[in-house]
Amino acid sequence: MTNLEIAMTRTWAEIDLDALEGNVRSLKGLLKPGVKSLAVVKADAYGHGIVEVARKLETCGVDMLAVAYVMAAVTLRKNGIKLPILCLGQSAPSLAPLMWEYDVTQAVGDLENGLALSRAASAAGRTIKIHVKVDTGMGRIGFYWPESGWEAVADEMATLCRLPGLEAEGLFSHFANADGDPEYTRMQMAKFAAARQALADRGVTFRLGHIAASLGVLRYPEAHLDMGRFGLVLYGYASSDEEVESPAELKPVMTLKARIAAVRELPKGAKIGYGGTAVLKRDSVLAVLPTGYADGYPRALSNRMSVYIHDRLCPVVGRVCMDMFMADVTDVPGVRAGDEAVLLDGRLMLKAALAGHTIIHELLSCIMPRVPRVFIEKGEKRL
C-alpha cells in the first residue's frame, strides 16, 4: 500500500494546484500593468500547505509572498523558495538575525520596534528590509494616522525610515471593512495617500505602497496602487461570509474528504451522539465518518450541516465528536463502508461558515496538520 493510498483511508484534504494557478492568472488580470502581486500564505497557506502552495505560486509569477511570523518565512527559505517574503506580523527584535540570514522583509508599526531592529542590524553590519505599517482605521498595529494633527506621526515615521540598518522598501495599510462600508474604505484610502504624501514631503519615498487585500483588489481598482495582496481570493472565495459576484474567475482549491468508517442501521427513537441531541424520527441508516473537531471539522456544525455522499446531501446527525460524526444516508441507496464523502468544498464552505457562525478563513485555516494534504496537479495526485 502506498503512502498516498494510506493518506486517503481516513480523512484528507485535496488541494487542486491547477485551480490555484487559474485563480492567480485571473486575479493578476485585474491589476493594471506594472502593479505587482503579493500572495498571502500565512496560516499554512490558509490550511492548504504552505510549502507546496508557495512552490506553485513561484511558478505562477507572483512577485512576493506574505507570512504572519518569521519562522514561516524560514520554513519557506529552507524549502528553496526564492521569492521576496514579507512578514506581516510585528516581530520581536531578537529575531533580527533570522531576518537578514533568510532575507525576510519585516513589517514595522512603531518607532520602538524599529529602533530595536536598527540597533541589531547595525551592530551586525547588516540591513533589514522593512515595510512601514500605517494604521488608517483598523486599530490593530501600525502608526496611527489621525484625521488632523498628523505632523508628529509623519515625523516619527520619517525618523524610522532613516534609521541605520533598515531599508524602508514599502508603506502599507489594511482595510477594515472593504466588504461592507465603502465610505469608511475610501476614508482609509485617503488617509493612506495623505501619509504617503507627508512622507514624500519629508524626503522619504517608497518603492511599494499597498493597501488592497482580497476584497479591496476585487472592489476598489483605485486602491491597487503598486501592489495588490491576494488572500482568501487566492484560494477560491470572493467573500468570507456571503455570496458575492467576483470580477475574477475563482475556483475553490480545497476539498475536505473522508472515507466512511461504518454504516449503521438504527431504529426510530434512538438517540445519537453525546448528549443525545438528535433523536431519530424514523428507522434510519447512518454513515459514521472518521472526522471530528480534532481534524478541524467544527463542533458548531453539529445537527446543522450536511455532507455529500454519492453526490447526495446528507444531514449531520448528533454532535460532532473529537474524531467522528454521523450523517443520515437513509435515502441514499447502496452506501457502504469505504465510500468517499465530501465534507467541505466549494458547494459547502459558505453554508458551513454561516451554520457555524464563523467565516471561511477560519474553516480553511483550522484544518489540522493530522489531515494529510493530497495535491492534485495536471490530473495526478501526490502527497
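This text follows the structure it describes.
Let us look at the structure shown here.

Definitions and limits used
Residues numbered from 1 in each chain as written. Predicted model: local features only at pLDDT ≥ 70, side-chain atom pairs only at ≥ 80, totals over all residues. Heavy atoms only, no water. Phe/Tyr/Trp six-rings, centres within 6.5 Å; stacked < 30°, edge-to-face > 60°. Helix = DSSP H or I, 4+ residues; strand = E, 2+ residues; numbered from the N terminus. Buried < 20%, exposed > 50% of the residue type's maximum accessible area, 1.4 Å probe, protein only. Lys NZ or Arg CZ within 6 Å of the ring centre and 35° of its normal. Core = buried A, V, L, I, M, F, W, Y, C linked by side-chain atoms within 4.5 Å. Contact = heavy atoms within 4.5 Å. Polar contact = N/O pair within 3.5 Å; in protein donor to acceptor, adjacent residues only side chain to side chain. Expected span 1.5 Å × (residues − 1).

Tallied over the entire structure, the rule returns four aromatic pairs. Taking 6.1 Å as the distance between ring centres and 55° as the angle between the ring planes, the aromatic pair formed by phenylalanine 175 and tyrosine 220 counts as tilted. With a gap of 45 residues between them, phenylalanine 175 in the loop between strand S8 (166-172) and helix H9 (182-201) and tyrosine 220 in the loop between helix H10 (214-219) and strand S10 (227-230) connect regions that are remote in the sequence. The exposure classification of phenylalanine 175 matches that of tyrosine 220, with both residues buried. If you follow arginine 347 out to its NZ or CZ, it ends over the ring of tyrosine 308, 3.7 Å from the centre.

A few words on the nonpolar core. With 128 residues, the main nonpolar core has Val41, Leu57, Leu65, Tyr297, Val307 and Ile309 as its most contacted residues. Not counting residues within four places of it along the chain, the set of residues in contact with valine 307 comprises Leu289, Tyr297, Arg312, Leu313, Cys314, Val316, Phe325, Ala327, Val342, Leu343 and Leu348. Among the nonpolar cores identified, the runner-up in size contains nine residues, and Leu266, Leu280, Leu286 and Met326 belong to it.

Among the structural elements, glycine 275 can be located in the loop between strand S13 (271-272) and strand S14 (278-279). It is 25 Å that separates the C-alpha atoms of glycine 275 and methionine 368, two residues lying 93 residues apart in sequence.

Turning next to the side chain of serine 26. Here serine 26 is to be found in helix H2 (residues 17-28). Here the side chain of serine 26 touches glutamate 249 through a polar contact of 2.7 Å, landing on its backbone nitrogen. Each residue touching serine 26, except ones within four places of it in the same chain, is listed here: Ala248 and Glu249.

Looking now at H9. The first and last C-alpha atoms of H9 sit 28 Å apart over 20 residues, in line with the 28 Å expected at 1.5 Å per residue. Along H9, the residues classified as buried are Thr185, Gln188, Met189, Lys191, Phe192, Ala195, Ala198 and Leu199. Buried residues along H9 sit against strand S6 (128-135), strand S7 (143-144), helix H8 (151-161), S8 and strand S9 (208-210). Directly after H9, the chain includes glycine 203, whose backbone phi takes a positive value near 85°.

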